[in-house]
Amino acid sequence: MGNHEVVTENTQGKKEQQESMNLLHSTQTVIKEALEKLGYQEAMYELLKEPLRVLTVRIPVRMDNGEVKVFTGYRSQHNDAVGPAKGGIRFHPEVTEDEVKALSIWMSLKAGIVDLPYGGGKGGIICDPREMSFRELERLSRGYVRAISQIVGPTKDIPAPDVFTNSQIMAWMMDEYSRIREFDSPGFITGKPIALGGSHGRETATAKGVTICIREAAKRRGIQLEGARVVVQGFGNAGSYLSKFMHDAGAKVVGISDAYGALYDPNGLDIDYLLDRRDSFGTVTKLFNNTISNKELLELECDILVPAAIENQITAENAHNIKAQIVVEAANGPTTLEATKILTERGILLVPDVLASSGGVTVSYFEWVQNNQGYYWSEEEVIEKLEKVLVKAFENVYSLAQTRRIDMRLAAYMVGVRKMAEASRFRGWV
Ligand SMILES: NC(=O)C1=CN([C@@H]2O[C@H](COP(=O)(O)OP(=O)(O)OC[C@H]3O[C@@H](n4cnc5c(N)ncnc54)[C@H](O)[C@@H]3O)[C@@H](O)[C@H]2O)C=CC1
Ligand SMILES: O=C(O)CCC(=O)C(=O)O
C-alpha cells in the first residue's frame, strides 16, 4: 500500500511536470484565466484554446546525393477574426505539432498586444538546416510553399522568419509563391531582403523591441542600464543584435550562448568580435575552449537575464537559482508556468514573450503595409514607429499588472486576447 502511494504521487508529479513543459497546455491555462478575468463565457475559451486550422504537409526533397528525403511540416492558423493570420516559420529538428499550435496562439496574443490588424499563425518543418546544403534548403523551402499555398497569401496568412530561417529563405518562398500565383506578391511574406521589398529595420526589429522592454522594465525597477550586467541565452537573430544594443547602451554583456555552450566574462564580452565571428545559425562558442553550459549560463550573477533561444529553459528546477532582477523573454516560451510563479514570488520582474518579442511582428506589419502601398520608409521612420508601439504596449501591460495585482504574463494575455475575443463576438462566432 505504502509503495503504491509513492508510485501514485510520483506519477502525479511527473504528469504535472510534463504538462508544465507542454507549451500548448501552458498557454491554454493562461488563456482560460485571462478570459475568466475579462468576464467571458466558457464558449469563448472553447473557440480560442486551439487553432482554427492546422495543416500537416509531407514535403519530398531531392537531396544532393540523389536520394529523396520526405520532411514533415505544419502551418497553424489560430484565429483570423481580426485579420489575416501572421507568424514565422521555424526549421528545427524538435518541431512538433503542439509546439507550432502554441506558437500560433502566441502570435494572436502578440498582434493583440501591439494592436495589429492580424490573427496568429505559425509554421514549422522538422529538419536540421545546419546539416543541409544551400540548394537542399532552397528545395525544402520551395516545397513547403507549394504544400501550403492554398491556405496562405497576402490577405489570408503571411509567414515570416523564426528559428533557423532567414531573409534568403523568405526570398525563395516569395519567389515560389509568385510562380504559383502568376504574379509578384511581395506582401505574401515578410522578413525579405531589402532588394525584394523587405523593410529597413526588420532584421534587428525583434532585438530592438526587446531592448525597449528592457529599458522600460529597468526604469520601473530603478536599474541603470549603464553598467548593468546582462546575460543573453542564444546568439541568433534575436540574441546577437540584442547583445549589441545592450553593449551600445553601456551595459556589460557578461554571458552569451548558442546551442553548443556558453561564454562568460565578468568584465564583459567583446560583442563586436563575437558578432563578426558567429555563423548564420547563431553559432559562435565552438571557436572557444573555455566554455560553460547553457544551464550554468542561466544561473550566472547578473542584473538582467534574456532567454533568446528556445522553449522551457527556466523551469521549476532552476527558477530558484536565477540571480537576475529582471527576466525579459526574447524567445517564445522560455519559462514554464511553474517557474513564472517562482520568479514572481521571488520579486523578479518577468516581461513575457508575447510582449517582449513583439517587435519582430510589428516591423513585419510595417513591411506588409509598405508592400501594399508600394511606398517605402527610412530606417529612422520604422524605428520611431516601433518605439511608439512598444512603449505603449509595455505601459498597457505593466499598468494592468499593477492595478489587478497579477503577474505580467497574465496581464499580457488579458490585453492580447481582448480584441480577438471582441472580433469573434461581433462576427457572431460566439
Ligand atoms: N527572429 C524573429 O524575428 C523572432 C524570434 N523570436 C524567438 O526568438 C528565439 C530565437 O529566435 P532567432 O534568434 O530568430 O533564431 P536563430 O535561429 O537566429 O538563433 C537561435 C539561437 O538559439 C540557439 N539555440 C538553438 N537551439 C538551442 C538549444 N537547444 N539550447 C541553447 N541555444 C540554442 C542557436 O544556437 C542560436 O544561437 C525563438 O524562440 C524565436 O521564436 C521571437 C520573435 C521574433
Ligand atoms: O514577423 C512575423 O510576422 C512573425 C515573428 C514571429 O514568428 C514571432 O514573433 O514569433
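From a predicted model like this one, the values you see are computed outputs, not experimental measurements.

## Details of the site of ligand 1
The environment of ligand 1 is formed by 25 residues, the closest being Asp 162, Phe 164, Thr 206, Asn 237 and Asn 332. With respect to ligand 1, the backbone of Ala 238 contributes an N or O atom lying 2.8 Å from an oxygen atom. In the complex, 91% of the free accessible area of ligand 1, which totals 820 Å², lies under the protein chains. Among the elements of the structure, strand 3 (85-92) and helix 8 (237-248) are those that each provide at least two residues to the shell around ligand 1. For the shell around ligand 1, the residue count by class is eleven nonpolar, nine polar and five charged. Built from parts of two domains, the shell around ligand 1 gets at least three residues from each of domain 1 (2-184) and domain 2 (205-347).

## Details of the side chain of Lys 110
Within the fold, Lys 110 resides in helix 4 (residues 97-113). It is Asp 162 that comes nearest to the buried, bridge-free Lys 110 among opposite-charge side chains, at 6.6 Å. A polar atom in the side chain of Lys 110 sits 2.7 Å from the side chain of Ser 357. Beyond its immediate sequence surroundings of up to four residues, Lys 110 is in contact with Asn 332, Asp 353, Val 354, Ser 357, Ser 358 and Val 361.

## Some words on empty space enclosed by the protein
For the coordinates displayed, the defined rule picks out two cavities of 30 Å³ or more. In this structure, the largest cavity encloses a volume near 100 Å³. In this structure, the largest cavity is lined by 14 residues; those nearest its centre are Ser 26, Trp 106, Gly 333, Thr 335 and Leu 337. When residues in the lining of the largest cavity are grouped by element, the largest group, four residues, is from helix 2 (residues 23-37). Taken together, the residues of the lining of the largest cavity sort by class into five nonpolar, seven polar and two charged. Both of domain 1 (2-184) and domain 2 (205-347) provide at least three residues apiece to the lining of the largest cavity. Size it by volume and the second largest cavity reaches roughly 60 Å³. Lining the second largest cavity are Asn 79, Val 82, Ser 108, Ala 111, Gly 112, Leu 116, Tyr 118, Gly 119, Gly 416, Lys 419 and Met 420. Going through the elements one at a time, helix 4 and helix 15 (408-426) are the ones with two or more residues in the lining of the second largest cavity. Here the residues of the lining of the second largest cavity are counted per class, giving five nonpolar, five polar and one charged.

## Observations regarding the packing of aromatic side chains
Evaluated as defined, the whole model comprises nine aromatic pairs. Ring plane angle 70° and centroid distance 5.0 Å describe the contact between Phe 134 and Trp 172, whose orientation is recorded as edge-to-face. With Phe 134 in helix 5 (residues 134-148) and Trp 172 in helix 6 (residues 167-181), the pair connects residues that are 38 residues apart, well separated along the chain. Overall, the relative accessible area of 47% leaves Phe 134 in the partly exposed class.

## A short note on the UniProt feature "site: Important for catalysis" (unreviewed entry) in the protein
Under the UniProt annotation, the feature "site: Important for catalysis" (unreviewed entry) is placed at Asp 162. The class for Asp 162 is buried, based on a relative accessible area of 19%. A polar side-chain atom of Asp 162 sits 3.1 Å from a polar atom in the side chain of Lys 122.

## Some thoughts on the UniProt feature "binding site: substrate" (unreviewed entry) in the protein
When the UniProt feature table is mapped to this numbering, "binding site: substrate" (unreviewed entry) covers Lys 86, Lys 110 and Ser 364. Spanning 279 residues, the annotated positions come together in the fold, the maximum distance between their C-alpha atoms being 12.3 Å. Tracing the backbone shows Ser 364 in helix 13 (residues 359-373). When sequence neighbours within four positions are dropped, the list of residues in contact with Ser 364 reads Lys 86, Tyr 118, Ala 160, Thr 190 and Arg 202.

## Brief notes about the site of ligand 2
Near ligand 2 lie 14 residues; those nearest to it are Lys 86, Gly 88, Lys 110, Lys 122 and Ser 364. At a separation of 2.9 Å, an oxygen atom of ligand 2 approaches a polar backbone atom of Gly 88. In the environment of ligand 2, an oxygen atom lies 2.7 Å from a nitrogen or oxygen atom belonging to the side chain of Lys 122. Here ligand 2, which alone exposes 300 Å², has 96% of that area covered by the protein. At the level of elements, strand 3, helix 4, strand 5 (157-161) and helix 13 are the ones that each hand at least two residues to the shell around ligand 2. A per-class count over the shell around ligand 2 returns four nonpolar, five polar and five charged.

## What about the sheet that holds strand 10 (residues 326-328)?
Backbone-to-backbone hydrogen bonds join strands into a sheet, with any given pair of strands oriented parallel or antiparallel. Spatially, the six strands line up as an open sheet ordered 8-7-6-9-10-11, and their pairing is mixed. This sheet does not close on itself; its edge strands, each paired only once, are strand 8 (261-264) and strand 11 (349-351). When strand polarity is set aside, the average angle formed by the axes of neighbouring strands in this sheet is 15°. In the sheet, strand 7 (residues 252-258) pairs with strand 8 via four bridges, with the strands oriented antiparallel.

What counts and what doesn't
Starting from 1, residues in each chain are numbered consecutively following that chain's sequence as written. Starting at A for chains and at 1 for ligands, labels are handed out in the order in which the entities are written. Only residues with pLDDT of 70 or above have their local features reported here, since the model is predicted, and side-chain atom pairs are shown and tallied only from 80 upward, although totals for entire chains, interfaces and linings are computed over all residues. Hydrogens and water are ignored here; the side-chain numbers use all heavy atoms of the structure. Proximity criterion: a residue is near a molecule or strand once any of its heavy atoms comes within 4 Å of it. For this analysis, a polar contact is any N or O atom pair within 3.5 Å, provided that within protein one partner can donate a hydrogen and the other can accept it, and provided that sequence-adjacent residues contribute only side-chain to side-chain pairs. With residues, only the protein chains shown are counted as cover, and all accessible areas are computed by Shrake-Rupley using a 1.4 Å probe. Per the convention used, a helix needs a DSSP run of H or I reaching at least four residues, while a strand needs a run of E reaching at least two, with both numbered from the N terminus. In this classification, Asp, Glu, Lys and Arg are treated as charged, Ala, Val, Leu, Ile, Met, Phe, Trp, Tyr, Cys and Pro as nonpolar, and every other residue, Gly included, as polar. Note that domain bounds follow an automatic or database assignment of domains. Residue exposure (1.4 Å probe, protein chains only): buried if accessible area is under 20% of the type maximum, exposed if over 50%, otherwise partly exposed. Charge convention: Lys and Arg are scored as positive, Asp and Glu as negative, and His as well as the terminal groups of each chain are ignored. Note on definitions: salt bridges are taken to be side-chain nitrogens of Lys or Arg within 4 Å of carboxyl oxygens of Asp or Glu. We call two residues in contact when some of their heavy atoms are within 4.5 Å. Cavities and pockets were defined on a 1 Å grid built over protein atoms only: a cavity is a set of grid points that admits a 1.4 Å probe from which the probe cannot escape, a pocket is an open set flanked by protein on both sides within 12 Å along at least five of seven lines, and lining residues are those with an atom within 4 Å of any such point. Grid points are joined across faces, edges and corners, and a volume is the space filled by probe spheres set on the points. Stacked, tilted and edge-to-face are the three classes assigned to paired rings of Phe, Tyr and Trp, where Trp is represented by its six-membered ring and a pair needs centres within 6.5 Å; plane angles under 30 degrees give stacked, over 60 edge-to-face, the rest tilted. UniProt positions are given in the numbering used here, feature names are shortened, and annotations may be inferred rather than shown by experiment. Strand pairing is defined by DSSP finding a minimum of two bridges between the two strands. Whenever a helix is involved, its axis is fitted only over the stretch in contact; in every case the axis is a line through C-alpha atoms, and angles between N-to-C directions fall within 0 to 180 degrees.

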